[in-house]
Amino acid sequence: MGYLVKVILLCFYASCYFTSVESIDAARNVQTQDKLFLHNATRWRPRPIHLAGRQIQSEEDSVQHLAMWRTEPGKFYGLRAEISIWGSPDQQDNQESGASILVTCEQDGRVASVQAGFDVTTYLHDNRDVRFFTYWTRDVKNSPGCYNLKCPGFVPANGAALVPGQAVAPPSVYGEQNHYVTISLNKDPNSGDWVVYRHDLETPSFLGQFPGDICPSTPRTLALTGFVSYPKSAQGPPMGSGHFPDDQDDKKTAYFKHIKLYDAKGNTVDPITTPMVRVVDRPDCYGETQVIVKIKSGYMFYYGGPPGCRG
């Protein structure tokens, strides 16, 4: 009992580091048990697509990198997080940079996924606004899936505070202003659908839902990730604030805060007993801190990196 009290006091007066399982060794090599996951994780992002009037490079010609914390497969029903919003004004064409929360599972030998977050991508919108996006697929290996409302799947709610493809303003300003949006993605215990809410407003706003037959049963994997993608022949865009993580200043670093998990009844719980796995495939380009606990920020981590990554 004395030991438990001591731990609580340490967490109260300072940042408390969360139990985690490393997946990257000191030589920057992905450990064997996480190689397949990392291969699939890069495919969780929407594949480059062909839009009318615009030629987009194929997936084989692109590079994707992640700064992610994920759970092991288990009885999970969704998650919620405060996500910092960062623009990317110098981002080049055919590059993408963003952050998202996602749920994946294996169904009949296929990996399915639902996802919601924020990104900057010129190949879909012809500008560099930060936009809310949704994505789902029933087979990350063989299907391009569905981005926003490009095909039937995600159903936006009437009067939603955010609609897929909608610009989010203003973004954070490095060293000056910190802006964020809190969203959740969880299995509704009544309808069985995957519902998405926005929580940083005066009252939560229902944004819409994915079909419930995507990942209908456990085990499932939950993840929170910063990501970038770009052509192999080019250099990478910034991730997050465009700087490596600085856990002392929220105005200089991208983050996920107030991370919560959902139980089977739709209630939120702290991930206090949930081991998390770190996935960073290019730590020389993009990084992330440990998952920590802060008094005003709950369970959280920082992530990001500068532009210029090659390969």
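That block above? That's the structure.
Procedures and definitions
Residues numbered from 1 in each chain as written. Predicted model: local features only at pLDDT ≥ 70, side-chain atom pairs only at ≥ 80, totals over all residues. Heavy atoms only, no water. Helix = DSSP H or I, 4+ residues; strand = E, 2+ residues; numbered from the N terminus. Buried < 20%, exposed > 50% of the residue type's maximum accessible area, 1.4 Å probe, protein only. Contact = heavy atoms within 4.5 Å. Areas by Shrake-Rupley, 256 points an atom, 1.4 Å probe, with all protein chains shown as cover. Disulfide = S-S within 2.5 Å. Core = buried A, V, L, I, M, F, W, Y, C linked by side-chain atoms within 4.5 Å. Salt bridge = Lys/Arg side-chain N within 4 Å of Asp/Glu carboxyl O. Polar contact = N/O pair within 3.5 Å; in protein donor to acceptor, adjacent residues only side chain to side chain. Phe/Tyr/Trp six-rings, centres within 6.5 Å; stacked < 30°, edge-to-face > 60°. Lys NZ or Arg CZ within 6 Å of the ring centre and 35° of its normal.

Caption draft 1: Structural view of the overall build of the protein. Scanning the protein from N- to C-terminus turns up three helices and 19 strands. Taken across its 311 residues, the protein has 54% of its residues classed as buried. Considering only contacts within the protein whose residues lie at least 6 apart along the sequence, 71% involve residues at least 24 apart. With the model as given, the accessible surface of the protein reaches about 14,000 Å², and the carbon-plus-sulfur share is 52%.

Caption draft 2: Up close: the state of the cysteines. In this structure the tally under the stated criterion is three disulfides. Between the sulfur atoms of cysteine 105 and its disulfide mate cysteine 215 the distance is 2.2 Å. Residues cysteine 105 and cysteine 215 are joined by a disulfide whose S-S torsion is about -100°; by sign, that bridge is left-handed. Note that cysteine 105 is positioned in strand β5 (residues 96-107) and cysteine 215 in the loop between β12 (205-210) and β13 (220-231), a separation of 110 residues in sequence. Residue class for cysteine 215 comes out buried when judged on its relative accessible area of 0%.

Caption draft 3: Representation of unusual backbone geometry in the model. Each neighbour pair has its own omega, and for alanine 169 with proline 170 the value is -10°, a cis peptide bond. Take proline 170: it is sitting in the loop between β9 (155-156) and β10 (180-187). One non-glycine residue, asparagine 94, lies in the positive phi region at around 65°. Relative to the helices and strands, asparagine 94 is located in the loop between β4 (78-84) and β5. One non-glycine residue with positive phi stands out, namely histidine 258, at about 45°.

Caption draft 4: Summary view of the nonpolar core. Formed by 54 residues in total, the largest nonpolar core has its most connected members in Ile101, Phe118, Phe132, Leu224 and Phe256. Ranked by residue count, the leading element in this core is strand β6 (residues 110-121), at five residues. Residues contacting isoleucine 101, with those up to four places away along its chain left out, are Leu79, Ala81, Ile83, Val114, Gln115, Ala116, Ile183, Ser184, Leu185, Ala223, Leu224 and Phe256. One finds Leu66, Leu102, Leu124 and Ala223 within the second-largest nonpolar core, a separate group that totals twelve residues.

Caption draft 5: The environment of phenylalanine 256, seen in detail. Within the element layout of this structure, phenylalanine 256 appears in strand β14 (residues 254-262). The exposure class assigned to phenylalanine 256 is buried, which follows from its relative accessible area of 0%. Considering only alpha carbons, one finds phenylalanine 256 and glycine 298, 42 residues apart in sequence, at a separation of 9.9 Å.

Caption draft 6: Representation of the pattern of salt bridges in the model. Counted by the stated rule, this structure contains nine salt bridges. Across the pair aspartate 213 and arginine 138 runs a salt bridge whose closest N-O atoms are separated by 3.1 Å. With aspartate 213 in the loop between β12 and β13 and arginine 138 in the loop between β7 (131-137) and β8 (146-147), the pair connects residues that are 75 residues apart, well separated along the chain. For aspartate 213, a relative accessible area of 44% gives the class partly exposed. Since its relative accessible area comes to 33%, arginine 138 is described here as partly exposed. In this structure, the salt-bridge partner of arginine 278 is glutamate 288, at a minimum N-O distance of 3.8 Å. Of the two residues, arginine 278 is situated in strand β16 (residues 276-280) and glutamate 288 in strand β17 (residues 287-288); the sequence distance between them amounts to ten residues. Residue classification places glutamate 288 among the buried positions, given a relative accessible area of 9%.

Caption draft 7: Representation of the side chain of serine 241 in the model. Structurally, serine 241 is set in the loop between β13 and β14. Among the polar contacts made by the side chain of serine 241, one reaches the main-chain carbonyl oxygen of lysine 252 at a distance of 2.8 Å. Ignoring sequence-local partners within four residues, the contact set of serine 241 consists of Trp86, Tyr174, Lys252, Thr253 and Ala254.

Caption draft 8: Summary view of the packing of aromatic side chains. Going through the model one piece at a time under the given rule, you end up with nine aromatic pairs. Ring geometry for phenylalanine 256 versus tyrosine 303: centroids 5.5 Å apart, planes at 35°, classification tilted. Linking phenylalanine 256 in strand β14 with tyrosine 303 in strand β19 (residues 298-304), this pair joins segments that are 47 residues apart in sequence. The class for tyrosine 303 is buried, based on a relative accessible area of 2%. Ring-pair connections join several aromatic residues into one group, and the members of that group are Phe133, Tyr147 and Phe227. Between the NZ or CZ atom of lysine 257 and the centre of the ring of tyrosine 255, over which it lies, the distance is 4.5 Å.

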